[in-house]
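# Coordinate analysis (summary)
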Amino acid sequence: MTEEIIPLWPESAAGKPNPYGQETTVPAVVGHKDVTLIRNVTEPALTVHRPDPSRATGTAVIVCPGGSFVTLTNGTGTAIAKALAAYGFTAFVLRYRLLPSAPRDEDFAKQWATDYRMDEIKSQSRVAGADAVRAVQVVREQASTWDLDPHRIGVLGFSAGGLLTIGAATTYDEHSRPDFAAAIYGPPWHEYVVPPDAPPLFIAFASDDTGENVVNGNLALYQAWQAAGHDVEMHVYARGGHGFAMEPQGLPCDTWMDRFLDWVRAG
């Protein structure tokens, strides 16, 4: 079934070929299994996963996949969204703007991991950050379309998407403030100021994550939220590495979604 695409800026995307990206399956990313990626997104958009009406909670979760701002891990984003929908949430997967990559899948598979400098990636993270903020505003403005409570709209991000979540929780106006935010092994690369009305924040990562500033950055983020007097919950797993939300490893971090659901329901 074709996913419904909800553009965040419809007028900007009009007339552009494939503005919401192309799907590419690359076996080499993980090695033992194929991985489906979205890339070359030039216009941000959402895809929606609705719950069974009998289980609907009226709560929305905007899912921000990872992918180093070059790709989106489509399989993970879709899997998380479907899981959330099974629990009664209306889940939206954000396709945020990405750095350009080779149009041909064959060329992309050979070159994508070595073609980008960290300064380019960090610069693109700010572009994509605006898409996460806009996504909250769009879902709130159209809440009645999906039978949502406009005061129960949250953001859940992984890796690069976790960085977007942190940005969405610190840079907003009255129309785009998320009601809750959850960053899963996001790298807090930028300087953040905790707003006086910051939303409740959920943080989860593994202490053996070697990603740039994941461990120290999230510890500092927790302390900043707590010092500002805002609700924050943090789970630090001894093992799990980077990307543990993708598939079970037989470790305690496999239960991260249970902890997230407990937190959302208690809020």
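Residues numbered from 1 in each chain as written. Predicted model: local features only at pLDDT ≥ 70, side-chain atom pairs only at ≥ 80, totals over all residues. Heavy atoms only, no water.

## Description of the sheet that holds strand E6 (residues 71-73)
In a beta sheet, neighbouring strands pair by backbone hydrogen bonds and run either parallel or antiparallel. Here is the rule: By definition, two strands form a pair when at least two bridges between them are found by DSSP. Helix and strand assignments follow DSSP, with helices taken as H or I runs no shorter than four residues and strands as E runs no shorter than two, numbered in order from the N terminus. Note on method: axes are straight lines fitted to C-alpha atoms, helices fitted across the in-contact stretch only, with angles between N-to-C directions ranging 0 to 180 degrees. Contact between two residues is taken to exist if any of their heavy atoms lie within 4.5 Å; hydrogens are not considered.
Taken in spatial order, the three strands make up an open sheet running E2-E3-E6, and their pairing is antiparallel. Unpaired on one side and paired on the other, strand E2 (22-26) and E6 mark the two borders of the sheet. Shown here is a sheet whose adjacent strand axes are inclined to one another by a mean of 35°, direction ignored. Its contacts with the sheet put helix H2 (residues 74-86) on E2, strand E3 (35-39) and E6, and the angle it makes with E6 is roughly 40°.

## Structural notes on the packing of helix H4 (residues 118-141) against helix H5 (residues 160-168)
The condition that has to hold: Just so you know how the angles are binned, under 35 degrees is roughly parallel, over 145 roughly antiparallel, 65 to 115 roughly perpendicular, and the rest oblique. Crossings are sorted by hand: turned counterclockwise from the far helix by less than a right angle, the near helix makes the crossing left-handed, and turned clockwise it makes it right-handed. Put simply, Ala, Val, Leu, Ile, Met, Phe, Trp, Tyr, Cys and Pro go in the nonpolar bin, Asp, Glu, Lys and Arg in the charged bin, and everything else, Gly too, in the polar bin.
Between H4 and H5, whose axes approach to 9 Å, the crossing angle comes to 60°. Of the possible angle classes, the one that applies to H4 and H5 is oblique. For the pair H4 and H5, the crossing hand works out as right-handed. Contact with H4, carried on its side by Ser125, Ala128, Gly129, Ala132 and Val133, involves Leu163, Leu164 and Ala168 of H5 and no other residues of that element. Counted by class, the contact of H4 with H5 contains six nonpolar, two polar and no charged residues.

## Digging into the packing of aromatic side chains
The geometry of an aromatic ring pair comes down to the distance between the two centres and the angle between the two planes. Let me state the cut-off plainly: In summary, the pairing rule links any two rings of Phe, Tyr or Trp, Trp by its six-membered ring, whose centres are within 6.5 Å, and it sorts them by plane angle into stacked for under 30 degrees, edge-to-face for over 60 and tilted for everything else. Each residue is assigned to one of three classes by its accessible area relative to the maximum for its type, calculated with a 1.4 Å probe on protein chains only: buried under 20%, partly exposed between the two thresholds, exposed over 50%.
Inspection of the entire model under this criterion finds 11 aromatic pairs. Considering the side-chain rings of Phe69 and Trp189, the 6.3 Å spacing of their centres and the 50° angle between planes classify their relative orientation as tilted. With Phe69 in the loop between strand E5 (60-64) and E6 and Trp189 in the loop between strand E9 (180-184) and strand E10 (201-206), the pair connects residues that are 120 residues apart, well separated along the chain. Judged by centre distance (5.8 Å) and plane angle (75°), the ring pair of Tyr237 and Phe244 falls under edge-to-face. Assigned by exposure class, Tyr237 and Phe244 land together as buried. Within the aromatic cluster, the residues linked to one another by ring pairs are Phe158, Tyr185, Tyr237, Phe244 and Trp256.

## Things to note about H2
Put simply, the rule reads: To estimate the expected span of a helix, subtract one from its residue number and multiply by 1.5 Å.
Its 13 residues give H2 an end-to-end C-alpha distance of 18 Å, which sits within 8% of 18 Å, the value for a rise of 1.5 Å per residue. For H2, the complete set of buried residues consists of Asn74, Thr76, Gly77, Thr78, Ile80, Ala81, Leu84 and Ala85. The positive-phi residue at the C-terminal boundary of H2 is Gly88, with phi of around 100°.

## Quick look at the pairing of E5
In terms of residue burial, E5 counts as a mostly covered element, since five of its five residues are buried. Going residue by residue along E5, you find Ala60, Ile62 and Cys64 tucked away on one face and Val61 and Val63 tucked away on the opposite face as well. In this structure, E5 lies alongside strand E8 (residues 153-158), joined through five bridges in parallel fashion. What sits directly across from Val61, in E8, is Gly154.

## Here we look at the environment of Asp131
You can see Asp131 is positioned in helix H4. Asp131 sits in the buried class, given a relative accessible area of 0%. Placed 35 residues apart in sequence, Asp131 and Tyr96 show a C-alpha to C-alpha distance of 5.8 Å.

## A closer look at the pattern of salt bridges
Our working definition: Only one rule defines a salt bridge in this text: a Lys or Arg side-chain nitrogen within 4 Å of an Asp or Glu carboxyl oxygen.
All told, the structure shown has 11 salt bridges when counted by the stated rule. For Arg117, the salt bridge is made with Asp119, and the minimal N-O distance between the two is 3.0 Å. With relative accessibility at 52%, the residue Arg117 sits in the exposed group. Ionic pairing is found between Glu212 and Lys122, a salt bridge with its closest N-O pair at 2.9 Å. Of this pair, Glu212 sits in the loop between E10 and helix H6 (214-227) while Lys122 sits in helix H4; the two residues are 90 residues apart in sequence, bridging distant segments of the chain. The exposure class assigned to Lys122 is partly exposed, which follows from its relative accessible area of 24%.

Purely geometric numbers; function is a separate question.
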